[in-house]
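# Structural overview
Read off the chains here:
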Amino acid sequence: MAVNNLLDTSTVSLSDIIGNGKTYTVPPYQRDYSWKRDQWEDLWNDILAINATGNVHYMGSVVLQNMRDKRYHVIDGQQRFSTLTLIVLAVINKLNELIKKDIDVDNNKERVSLLSKKYIGDKDPGSLTYSSKLQLNENNNSFFQSNLLVFRPPVNISTLQDSDKQIWSAFNFFSIQVNSLFKEEQNGEIITNFLNKLIAERLMFIQIVVEDELSAYTVFETLNSRGVGLTVT
């Protein structure tokens, strides 16, 4: 198989990936959310380094299968996509706190609306639920959509499955970090630019887009040949 028929590669920012009306689905066979505090801290420290230096940071490769009509399956990279979405939610949550404190309410509401549409998805006016840009696998998506995307705390955390507990813990971790970073900040523009200008533009990925499942499997196996072994299933 010719290389140019196997995959299409490009270097893109987080903003490039999520923009232009694209949506992403983690296929059912992909693993549940599994990142833990060590990975969260590493990612946050990378973001703080970008904030301090202004440099870009490379997040490695993501493998996407083109399902047409701007829809993609996430073959490799779902842990990073999921975690970065949680950081987006933490920033939006910080802006919501400014609104609750009656700080620059109209402008901050508009910022929340624009950030949500760009990075999270559009809210259905009837159900008030998001038609989100990212759909997690079948084990995690219900909690992700029904709780995280609408900032609804779980009724009983102890009843959640372990991977949903991890997602909730990750959101709380990044909320604490964002609140700490902007503890005294009351300017919503500065908080917004931290996400929209810094995280979204300076986190870079090697995007690999494949056209069929066989190509996706081939690329995925090649990229993970030195990692922890995964079952073929």
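The structure we're discussing is the one just above.
Residues numbered from 1 in each chain as written. Predicted model: local features only at pLDDT ≥ 70, side-chain atom pairs only at ≥ 80, totals over all residues. Heavy atoms only, no water.

## Regarding the sheet that holds strand β7 (residues 134-135)
To keep things clear, this is the line we draw: In this scheme, strands are said to pair when DSSP sees at least two bridges between them. Helix and strand assignments follow DSSP, with helices taken as H or I runs no shorter than four residues and strands as E runs no shorter than two, numbered in order from the N terminus.
One open sheet accounts for six strands, arranged β1-β8-β3-β4-β2-β7; its pairing is mixed. Each edge of the open sheet is held by one strand with a lone partner, namely β1 (8-13) and β7. By the bridge criterion, seven bridges tie strand β3 (residues 57-66) to strand β8 (residues 203-210) in an arrangement that is parallel. Note on β8: the bridge partner recorded for His57 is Leu203.

## Concerning the nonpolar core
As a reminder, the rule being used: Here, the term nonpolar core denotes a set of buried Ala, Val, Leu, Ile, Met, Phe, Trp, Tyr and Cys residues that are joined through side-chain atoms within 4.5 Å. For each residue, the accessible area found with a 1.4 Å probe, counting protein chains only, is set against the maximum for its type, and the residue is called buried under 20%, exposed over 50%, and partly exposed in between. Contacts are residue-level and defined by heavy atoms, with any inter-residue pair within 4.5 Å sufficient.
Formed by 59 residues in total, the largest nonpolar core has its most connected members in Leu148, Ile199 and Phe205. Contact partners of Phe205, with chain neighbours within four places excluded, come to Ser10, Thr11, Val12, Ser13, Leu14, Ile17, Met59, Gly60, Val62 and Leu84.

## Focus on the environment of Gln65
Along the polypeptide, Gln65 turns up in strand β3. Once the C-alpha coordinates of Gln65 and Glu211 are considered, the two residues, 146 residues apart in sequence, prove to be 5.7 Å apart.

## A word on the pattern of salt bridges
Two side chains carrying opposite charge are able to pair once their charged atoms lie near each other. Put simply, the rule reads: Salt bridge, as used here: a side-chain nitrogen of Lys or Arg that lies within 4 Å of a carboxyl oxygen of Asp or Glu.
Under the definition given, this model contains three salt bridges. With a shortest N-O distance of 2.6 Å, Arg68 and Glu211 are connected by a salt bridge. Linking Arg68 in the loop between β3 and β4 (71-76) with Glu211 in the loop between β8 and α9 (213-223), this pair joins segments that are 143 residues apart in sequence. Accessibility expressed as a relative area gives 45% for Arg68, which makes it partly exposed. Residue classification places Glu211 among the partly exposed residues on the basis of a relative accessible area of 36%. Notably, a salt bridge pairs Asp104 with Arg111, separated by 3.4 Å at the nearest N-O pair. A relative accessible area of 37% places Asp104 in the partly exposed class. By relative accessible area, Arg111 is classed as buried at 18%.

## Observations concerning the packing of helix α3 (residues 37-53) against helix α8 (residues 188-202)
The criterion, for reference: All axes are obtained by fitting lines to C-alpha atoms, using only the stretch in contact for helices, and the reported angles, taken between N-to-C directions, cover 0 to 180 degrees. Roughly parallel means an angle under 35 degrees; roughly antiparallel means over 145; roughly perpendicular covers 65 to 115; every other angle is labelled oblique.
In contact at an axis separation of 10 Å, α3 and α8 are set at 105° when each is read in the N-to-C sense. If you check the angle between α3 and α8, you find them roughly perpendicular. Seen from α3, the contacting residues are Trp44, Ile47, Ile50 and Asn51; seen from α8, they are Phe194, Leu198, Ile199 and Arg202.

## Describing the pairing of β8
Counting buried residues in β8 gives seven out of eight residues, a clear majority hidden from the surface. Note that β1 and β8 share six bridges and pair antiparallel. Paired with Thr9 across the bridge in β8 is Ile208.

## Section: empty space enclosed by the protein
We apply this condition: Each cavity reported here is a set of points on a 1 Å grid over the protein atoms alone in which a 1.4 Å probe fits but cannot get out, each pocket an open set with protein on both sides within 12 Å along at least five of seven lines, and each lining residue one with an atom within 4 Å of a point. Grid points are joined across faces, edges and corners, and a volume is the space filled by probe spheres set on the points. Any residue outside Ala, Val, Leu, Ile, Met, Phe, Trp, Tyr, Cys, Pro, Asp, Glu, Lys and Arg is labelled polar, Gly included; the first ten of those are nonpolar and the last four are charged.
One pass over the structure, following the stated rule, counts two cavities of 30 Å³ or more. If you add up the space inside the largest cavity, you get close to 80 Å³. Looking at the largest cavity, the residues that line it are Leu14, Ile18, Tyr24, Phe81, Leu84, Thr85, Tyr119, Lys133 and Leu134. Looking at the lining of the largest cavity, the elements that each hand over two or more residues are α2 (14-18) and α4 (78-100). Within the lining of the largest cavity, the residues separate by chemical class into seven nonpolar, one polar and one charged. Its boundaries defined by the atoms lining it, the second largest cavity holds a volume of some 60 Å³. In terms of lining residues, the second largest cavity is bounded by Val26, Arg31, Asp32, Tyr33, Gln78, Gln79, Ser82, Leu136, Asn137 and Asn140. Among the residues making up the lining of the second largest cavity, the classes are represented as three nonpolar, five polar and two charged.

## What to know about α4
Spelled out, the test is: To estimate the expected span of a helix, subtract one from its residue number and multiply by 1.5 Å.
Taking 1.5 Å per residue, 23 residues should reach 33 Å; α4 reaches 33 Å between its end C-alpha atoms and fits that length. In terms of burial, α4 is a largely internal element, 21 of the 23 residues being buried. Where α4 terminates, the next one or two residues include Asp102, which has phi positive at roughly 65°.

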